[in-house]
Amino acid sequence: MALTCRLRITLKILKILNLEDSENALKKKKLLFEAGFEFKDCFSRADILFPDKNKWDIIEVKSGTQVKDINIHDVSFQKYVYENKGIKIGKCFLMHLNNEYIRKGELDIEKLFIKEDITKEVEEHTNGIKERIDEMFKIINSEKSPKVSIGNQCKDPYECPVCHCWDSLPENHVFCLYRGGKLSCELYDNGVEAIKDIPDNIKLNDKQDIQRDCEIHKKVHVDKNEVKQFLKKLEYPLHYLDFETFSTAIPMFDGLKPYSNVPFQFSLHVIRKEGNKPEHYEFLYGGNGDPRKEFILALKKVLGDSGSVIAYNQSFETGRLKELGEYFPEHKKWVEGVLIRIIDLLVPFREFSYYNPKQHGSASIKKVLPALTGKSYEGMDIGEGGTASVEFFNTTYNNKGDKKRIRESLLKYCCLDTEGMVWIVDKLREIVK
Ligand code: SF4
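Rules behind the numbers
Residues numbered from 1 in each chain as written. Predicted model: local features only at pLDDT ≥ 70, side-chain atom pairs only at ≥ 80, totals over all residues. Heavy atoms only, no water. Helix = DSSP H or I, 4+ residues; strand = E, 2+ residues; numbered from the N terminus. Buried < 20%, exposed > 50% of the residue type's maximum accessible area, 1.4 Å probe, protein only. Contact = heavy atoms within 4.5 Å. Areas by Shrake-Rupley, 256 points an atom, 1.4 Å probe, with all protein chains shown as cover. Lys, Arg positive; Asp, Glu negative; His and termini not counted. Charge placed at Lys NZ, Arg CZ, Asp CG, Glu CD. Axes fitted to C-alpha atoms, helices over the stretch in contact; angles between N-to-C directions. Parallel < 35°, antiparallel > 145°, perpendicular 65-115°, else oblique. Left-handed = near helix turned anticlockwise from the far one by under 90°. Expected span 1.5 Å × (residues − 1). Nonpolar A, V, L, I, M, F, W, Y, C, P; charged D, E, K, R; others polar. Patch = residues over 30% accessible without salt bridge, like charges linked within 9 Å, V, L, I, M, F, W, Y side chains within 5 Å. Salt bridge = Lys/Arg side-chain N within 4 Å of Asp/Glu carboxyl O. 1 Å grid on protein atoms, 1.4 Å probe; cavity = no way out; pocket = protein on both sides within 12 Å on 5 of 7 lines; lining within 4 Å. Points joined across faces, edges and corners; volume = space filled by probe spheres on them. Pairing = 2+ DSSP bridges.

**What to know about the overall build of the protein**
Consideration 1: Within the protein, the secondary structure is distributed over 15 helices and 12 strands.
Consideration 2: Referenced to the eigenvectors of the C-alpha coordinate spread, the extents of the protein come out at roughly 80 × 60 × 40 Å.
Consideration 3: Counting only residues that meet the buried cut, the protein has 44% of its 433 residues in that class.
Consideration 4: Here the analysis covers contacts within the protein between residues at least 6 apart in sequence; of these, 65% occur between residues at least 24 apart.
Consideration 5: Looking at the protein as shown, the accessible area adds up to about 24200 Å², and 51% of this sits on carbon and sulfur atoms.
Consideration 6: When the 68 basic and 68 acidic side-chain charges of the protein are each reduced to a single mean position, those positions are 1 Å apart.

Written out as structure tokens, the structure reads:
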């Protein structure tokens, strides 16, 4: 009922703002932005209606970099509503960002966007749309919620806001199975909720098998040999390195594509010799322009030219370093020297050489650090990369927020990422001693 109410109130507001204006504007046969029309309680507002002879083309603009299934559903719905209001629709397009575009000087809007003809796909999706809408209204107006089992649809294509359906699941449920996908859903649909209850006859891969074994015997799994092999690769001086970045849909600086990651901060812990205390170095961009030059110069000063560079999920740091090397050819050789020194601390966890049920099937540092060392990111003002990036961006380019406090939190957060790696390696060494 609450949903129906909200829907009606929203419709009413939108109607007042938009419906009348749209009807009037339509008669003028001019390009229309966000023209709203309603048909039998269905309200639609395409981004652009483009007049073409006696028809109109729909152009939907998205910030993504490709056409997704959900976009086709979206435009099919718009077409259905418009045509039922007597507006003849010609072609349908999806305009999205071009991820091959690299900024050089002024933005080239023509190249920044790609306009894809999706008329055929929309036509195909329009078949049966009336029945699908009827079904949705039946659910919206129903007193009882439909009986739908939780599954992948809870997160894809969007995170469901009614996430309490998951609350009743046991701690290490079947959706925590490493790369569980379809198997997790099948197990759940067959009444198996906990990993420990997965029957023996179900074929699991080696990593999932370790998870089940740890659950049944309430134990931590360690393959000492594999962990030792990993630790052997670390060469002093050890450099524990982590980057923070931000990204924008529209590239802000030269050499960037839509959504390129721009590094603005790093933390580095260096242990020169076995038994030495870690030394800490850090950089956080303080200007309001392009941080990349200061970033690479600061990094060059402290990273040295020998010893392992340890990152967690190294593809991220490797990717940023390669991009910096491409954009600053004068530093390319140095970057190449760093790349061959990088060792990924994720590996022993991704390979399940160590697995603790407290990780809940994840090898991310946010799960591994507390499971292995008891330390965590809890209680920090900034406790994950997404927030770090937003806070930095807002204080740096939008002049929003308490800059001093946010900078302190950013430094604290990034420092914990590399300090955490030091603790993880120390702990692994202790375990295999
Ligand atoms: S979380 Fe959302 S999508 Fe998943 S079952 Fe519950 S209501 Fe449905």
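Next, the rest of the story.
**Comments concerning the packing of helix H9 (residues 292-303) against helix H11 (residues 332-339)**
The relative placement of two packed helices comes down to the angle between their axes together with the axis-to-axis distance.
Consideration 1: Packing of H9 against H11 brings their axes to within 12 Å, and their N-to-C directions diverge by 50°. Relative to H11, H9 is oriented oblique. Between H9 and H11 the crossing geometry is left-handed. Taking contact as the criterion, the partners of Ile296, Leu299, Lys300 and Leu303 in H9 are, on H11, Trp334, Val335 and Val338.

**Some points on helix H2 (residues 69-84)**
Consideration 1: Across its 16 residues, H2 extends 23 Å between first and last C-alpha, which sits within 8% of the 22 Å expected from 1.5 Å per residue.
Consideration 2: For H2, the set of buried residues is Asn71, Ile72, Val75, Ser76, Gln78, Lys79, Tyr80, Val81 and Tyr82.
Consideration 3: Close packing links the buried residues of H2 with strand E1 (32-39), strand E2 (42-52), strand E3 (55-61), strand E4 (89-97), helix H4 (119-126) and helix H5 (129-141).
Consideration 4: Phi for glycine 86, located one or two positions after H2, is positive at around 85°.

**Remarks on helix H13 (residues 365-373)**
Consideration 1: Restricting attention to buried positions, one finds in H13 the residues Ile365, Val368, Leu369, Ala371 and Leu372.
Consideration 2: On its buried face, H13 is in contact with helix H12 (347-350), strand E12 (354-355) and helix H15 (403-432).
Consideration 3: Once H13 ends, the next one or two residues include glycine 374, with phi positive near 80°.

**As for the packing of helix H10 (residues 314-327) against H11**
Consideration 1: Two elements in contact, H10 and H11, have axes whose closest approach is 8 Å; the angle formed by their N-to-C orientations is 160°. One finds that H10 runs roughly antiparallel with respect to H11. The way H10 lies across H11 gives a crossing that is left-handed. Each of Thr318, Leu321, Lys322, Gly325 and Glu326 in H10 lies in contact with H11, whose residues at this interface are Lys332, Val335, Val338 and Leu339.
Consideration 2: Split into classes, the residues belonging to the contact of H10 with H11 amount to four nonpolar, two polar and three charged.

**Some words on a nonpolar patch on the surface**
Consideration 1: Nonpolar side chains collect at one region of the surface, where Leu31, Phe33 and Phe50 lie side by side and expose about 310 Å² of accessible area between them.
Consideration 2: Along the polypeptide, leucine 31 turns up in the loop between helix H1 (2-27) and E1.
Consideration 3: Since its relative accessible area comes to 40%, leucine 31 is described here as partly exposed.

**Some points on the layout of surface pockets**
Summary: where empty space remains is shown by rolling a probe the size of a single water molecule over the atoms.
Consideration 1: Put simply, the second largest pocket is a space of about 460 Å³.
Consideration 2: Of all the elements in the fold, those that place two or more residues in the lining of the second largest pocket are strand E7 (238-247), H10, H13, helix H14 (385-397) and H15.
Consideration 3: Among the elements that make up the lining of the second largest pocket, the one with the highest residue count is E7 (four residues).
Consideration 4: Tallied by class, the residues present in the lining of the second largest pocket amount to nine nonpolar, eight polar and seven charged.

**Thoughts on the sheet that holds E3**
Consideration 1: As summarised here, the arrangement of the five strands in space is E1-E2-E3-E4-E5, forming an open sheet in which the pairing is mixed. Each having just a single partner strand, E1 and strand E5 (113-117) make up the two edges of the open sheet. Here the strands of the sheet are splayed against their neighbours by 40° on average, with no regard to which way each runs.
Consideration 2: When E4 meets E5, the two strands line up antiparallel, connected through five bridges. Residue pairing in the sheet places leucine 94 in a bridge with glutamate 116 of E5.
Consideration 3: Its contacts with the sheet place H4 against E4 and E5, and it is angled at close to 115° to E4.

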